Amino acid sequence: MLSRTADHLFWMARYMERAENTARMLDVNYQTALLPQSADASEKGWKGLLSISELSGDFASRYGEVTARNVMDFMVSDASNGSSIRSCLMAARENARAVRGTLTTEVWETQNQTWLEFQRMVSTGAFQKDPGTAFEWVKFRSHLSRGVTVGTMLQDEAFHFLRIGSFLERADNTARLLDVKFHAVESEYFGGANGNGHGGGANGNGNGNGKDLEYDFYHWSAILRSVSGFEVYRKAYRNVIRPEKVAELLILRHDMPRSLAACMHEVLSNLRMVANEQSSETLRRAGRLDADLQYGRIDEILATGLHAYLTQFLERVATLGVGISRDFLVPVEA
């Protein structure tokens, strides 16, 4: 396959996944903001969302004040923000158009229709009138895009590059979400230095008062809902929401579709299908990362510090992305 074609397919999938992830985070933050809370708590939630995407500086230079309306405008329809839903859907559509002949009619029409419908929704103010419904629509269109890809495309190299893009982006997002949200409770691991694995209220000592416990429930359930994991958690653990179990579910559980382990397994599987003579080092790095997740234990991860672990994971994913670009995609011009 031509490297330029592979590049368009890879980034088409990444941008579509990024649009969905942004919609997920915005939706959960919007729903959480409707709960009784202080202005400081609300502002902290929106700042956390910007931090996940590493956009705090860009936002501050353009909008200044952190409000729900400003953050949603910036993350939904601001063309100057390369990670806004608008920018992602447009980029996904443009990458799809560039390789129109490689895609099935159904895949192309799904991408094209998503972009056209999004423009209509923005122009009619649908996102401002009913943000929850609009975010659900973005998630649905991403689900549809993946489903049509799996259901209609030949499972050749083009298909594998689409899958690599989707799951590499998803792994990156899940790790960022976990890192920022766990950091928000102001405790370096949850269970902190004593390594007992039991986080509690916002003070991290397990003895929070009723208000802390209530905050904990909404905080951790919001994290789970942002990755469609609330019902999955209940089914897997059948007990109250505990931070170390949330971390285990979203890092090590292979049967959780948006976990780091599940994402890296998919990346590795698809990389093997497109491996070439120059990709051995990239494949080795992917295999090492997959093995670390396959045989990892949450108590060991938490004992050494979740923030440090996730920071290293994000660095390894970034290095893997660079390797994939070098081995298969269009070289980045200096």
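A brief report on the enclosed structure follows. (Residues numbered from 1 in each chain as written. Predicted model: local features only at pLDDT ≥ 70, side-chain atom pairs only at ≥ 80, totals over all residues. Heavy atoms only, no water.)

Details of the side chain of His-160
Alright, step 1. Within the secondary structure layout, His-160 lies in helix α9 (residues 157-183).
Alright, step 2. When neighbours within four sequence positions are excluded, His-160 is seen to be in contact with Gln-155, Asn-270, Met-273 and Val-274. (Helix = DSSP H or I, 4+ residues; strand = E, 2+ residues; numbered from the N terminus. Contact = heavy atoms within 4.5 Å.)

Regarding the packing of aromatic side chains
For any two aromatic rings, the description comes down to two numbers: the centre-to-centre distance and the angle of the planes.
Alright, step 1. Under the defined criterion, the tally for this structure stands at 11 aromatic pairs.
Alright, step 2. Ring geometry for Tyr-63 against Phe-74: centres 5.6 Å apart, planes inclined by 70°, an arrangement best described as edge-to-face. A residue pair is termed long-range when its members are at least 10 positions apart, and Tyr-63 in the loop between α3 (56-62) and α4 (68-76) and Phe-74 in helix α4 qualify at 11 residues.
Alright, step 3. We classify Phe-74 as buried; its relative accessible area is 0%.
Alright, step 4. An aromatic cluster of at least three residues, connected via ring pairs, comprises Trp-115, Phe-118, Phe-127 and Phe-135.
Alright, step 5. The ring centre of Phe-230 lies 4.0 Å from the NZ or CZ of Arg-225, which sits over that ring.
Alright, step 6. One residue, Arg-253, lies across the ring of Tyr-237, its end atom 5.6 Å from the ring centre. (Phe/Tyr/Trp six-rings, centres within 6.5 Å; stacked < 30°, edge-to-face > 60°. Buried < 20%, exposed > 50% of the residue type's maximum accessible area, 1.4 Å probe, protein only. Lys NZ or Arg CZ within 6 Å of the ring centre and 35° of its normal.)

Considering helix α11 (residues 230-237)
Alright, step 1. Among all positions in α11, only Phe-230, Tyr-233 and Tyr-237 are buried. Buried residues of α11, seen end-on, are gathered within an arc of 55° and therefore sit on one face of the element. Turned more than 90 degrees away from the buried face of α11, the exposed residues are Glu-231 and Lys-235.
Alright, step 2. Downstream of α11 by a residue or two, Arg-238 has a phi angle that is positive, lying close to 50°. (Arc of directions from axis to C-beta.)

Overview of the pattern of salt bridges
Alright, step 1. For the coordinates displayed, the defined rule picks out 27 salt bridges.
Alright, step 2. Put simply, Lys-139 and Asp-27 hold a salt bridge, and the shortest N to O gap is 3.6 Å. Here Lys-139, found in helix α8 (residues 131-152), pairs with Asp-27, found in helix α1 (residues 3-33); they are 112 residues apart in sequence, far enough to count as distant. Each of the two residues, Lys-139 as well as Asp-27, counts as buried.
Alright, step 3. Salt bridges sharing partners connect three or more residues here, namely Glu-17, Glu-20, Arg-24, Arg-146, Arg-170 and Arg-258. (Salt bridge = Lys/Arg side-chain N within 4 Å of Asp/Glu carboxyl O.)

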